[in-house]
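Remarks on the overall topology
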Amino acid sequence: AQSVTQPDIHITVSEGASLELRCNYSYGATPYLFWYVQSPGQGLQLLLKYFSGDTLVQGIKGFEAEFKRSQSSFNLRKPSVHWSDAAEYFCAVAGFQKLVFGTGTRLLVSP
Amino acid sequence: NAGVTQTPKFRILKIGQSMTLQCTQDMNHNYMYWYRQDPGMGLKLIYYSVGAGITDKGEVPNGYNVSRSTTEDFPLRLELAAPSQTSVYFCASSFPDRGILEQYFGPGTRLTVT
């Protein structure tokens, strides 16, 4: 069965510093991978997705993610974090007719 | 397009009461989903539907029921509310293209059972 692991429950980053959120997946075939962001009190918004092709994918709000098959990873990155990026981030893998989500990483941004 | 809308936004129920969480989408999506989100637990799939008249259980279906009589609507029913059902509930929809699922989420319903 598909599964997603986000090993970091919380991460604190200084404003302007770079960010990397980790995601590892388990899936037998070529995975379809997603990153969602949830701001406080809001629903989930799709940041970016990987289906095939170029392993470095660009998303909204300056985020990017790199698919590494050898490491079963799909880490999310941003070169310079803004205070408005404080939110919870979810990695997900597409299973049969549904998405399987990780438990999320809460990003805190310090001044 | 309004996207995915959910009502109500907040609700407090007493143990044993019943209620229906409403979900509507105007994107003509075939697939619709109900998730619950508990702190530190991520999202758990309750039920999903691949089209009108077709529903299936997800990871945590106990205590819930669903129906899908139209493409647009996918209500979630709690028959006998229990404190364990205190959670934030999200509805989502998607249009599968080559098996790819890109879900659009509603704003959520925060439910408290006391």
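Above this text sits the structure in question.
Note that the structure is predicted; figures quoted are calculated from it, not measured. (Residues numbered from 1 in each chain as written. Chains lettered and ligands numbered in written order. Predicted model: local features only at pLDDT ≥ 70, side-chain atom pairs only at ≥ 80, totals over all residues. Heavy atoms only, no water.)

**Regarding the overall build of chain B**
Of regular secondary structure, chain B possesses 0 helices and 11 strands. Written out in order from the N terminus, the α and β elements of chain B read β-β-β-β-β-β-β-β-β-β-β. Here the C-alpha atoms of chain B give a radius of gyration of 13 Å, agreeing with the 13 Å that 2.2 N^0.38 yields for 114 residues. In terms of its C-alpha atoms, chain B occupies a principal-axis envelope of roughly 45 × 30 × 25 Å. In chain B, buried positions account for 46% of the 114 residues. With the model as given, the accessible surface of chain B reaches about 5400 Å², and the carbon-plus-sulfur share is 52%. (Helix = DSSP H or I, 4+ residues; strand = E, 2+ residues; numbered from the N terminus. Rg over C-alpha atoms; globule rule 2.2 N^0.38 Å. Buried < 20%, exposed > 50% of the residue type's maximum accessible area, 1.4 Å probe, protein only. Areas by Shrake-Rupley, 256 points an atom, 1.4 Å probe, with all protein chains shown as cover.)

**Things to note about the overall build of chain A**
What chain A contains, in helices and strands, is 0 helices and 12 strands. From first element to last, N terminus to C terminus, chain A shows the α and β order β-β-β-β-β-β-β-β-β-β-β-β. Against the globule reference of 13 Å for 111 residues, chain A gives a C-alpha radius of gyration of 13 Å, in line with a compact fold. Along the longest, intermediate and shortest principal axes, the C-alpha atoms of chain A span 40 × 30 × 20 Å. The 111 residues of chain A split such that 46% are buried. Here the contacts in chain A between residues at least 6 apart in sequence split such that 52% fall between residues at least 24 apart. On chain A, roughly 5200 Å² of surface is accessible, and the fraction owed to carbon and sulfur atoms is 49%. (Contact = heavy atoms within 4.5 Å.)

**Points about the pairing of strand S6 (residues 44–50) of chain A**
Residue and element names in this part refer to chain A. Taking burial as the measure, the 7 residues of S6 include 5 buried ones, the bulk of the element. Both strand S5 (residues 33–38) and S6 contribute to a ladder of 6 bridges, which runs antiparallel. Counted as the bridge partner of Val37 is Gln45 from S6. Adjacent in sequence and paired antiparallel, S5 and S6 are bridged by 5 residues, among which Gly41 carries a positive phi angle near 75°. (Pairing = 2+ DSSP bridges.)

**What to know about the sheet that holds strand S1 (residues 4–7) of chain B**
All names here are of chain B. Reading across from one edge, S1-S3-S8-S7 is the order of the 4 strands in this open sheet, with antiparallel pairing throughout. The open sheet terminates on both sides in strands that have one partner only, identified here as S1 and strand S7 (64–66). Pairwise comparison of adjacent strand axes, ignoring direction, gives a mean angle of 20° for this sheet. With 3 bridges joining them, S7 and strand S8 (residues 76–78) adopt antiparallel strand pairing. Looking at the pairing, Val66 lines up with Leu76 of S8. (Axes fitted to C-alpha atoms, helices over the stretch in contact; angles between N-to-C directions.)

**Brief notes about the pairing of strand S9 (residues 87–94) of chain B**
Residues and elements named next belong to chain B. Where burial is concerned, most of S9 is hidden: 8 out of the 8 residues are buried. On S9, burial covers both faces: Ser87, Tyr89, Cys91 and Ser93 on one face and Val88, Phe90, Ala92 and Ser94 on the other are all buried. Across 7 bridges, strand S4 (residues 31–38) lies against S9 in antiparallel orientation. If you follow Tyr31 over to S9, its bridge partner there is Ser94. Pairing of S9 with strand S11 (residues 109–113) involves 3 bridges; the strand directions are antiparallel. If you follow Val88 over to S11, its bridge partner there is Arg110.

**Notes on the side chain of B:Arg36**
Residues and elements named next belong to chain B. Among the secondary structure elements, Arg36 is positioned in strand S4. There is a polar contact of 2.7 Å between the side chain of Arg36 and the backbone oxygen of Ser84. Residues within four places of Arg36 in sequence aside, it is in contact with Gly42, Leu43, Lys44, Ile46, Val60, Tyr64, Ser84, Gln85, Thr86, Ser87, Val88 and Tyr89. (Polar contact = N/O pair within 3.5 Å; in protein donor to acceptor, adjacent residues only side chain to side chain.)

**Points about the environment of A:Ser73**
Residues and elements named next belong to chain A. Within the secondary structure layout, Ser73 lies in strand S9 (residues 73–78). Assessed through its relative accessible area of 3%, Ser73 is described here as buried. Between the C-alpha atom of Ser73 and that of Thr5, which follows or precedes it by 68 residues, the distance is 9.4 Å. Setting aside its immediate chain neighbours within four residues, Ser73 contacts Cys23, Asn24, Tyr25, Glu66, Phe67 and Lys68.

Geometric values such as these leave the question of function open.
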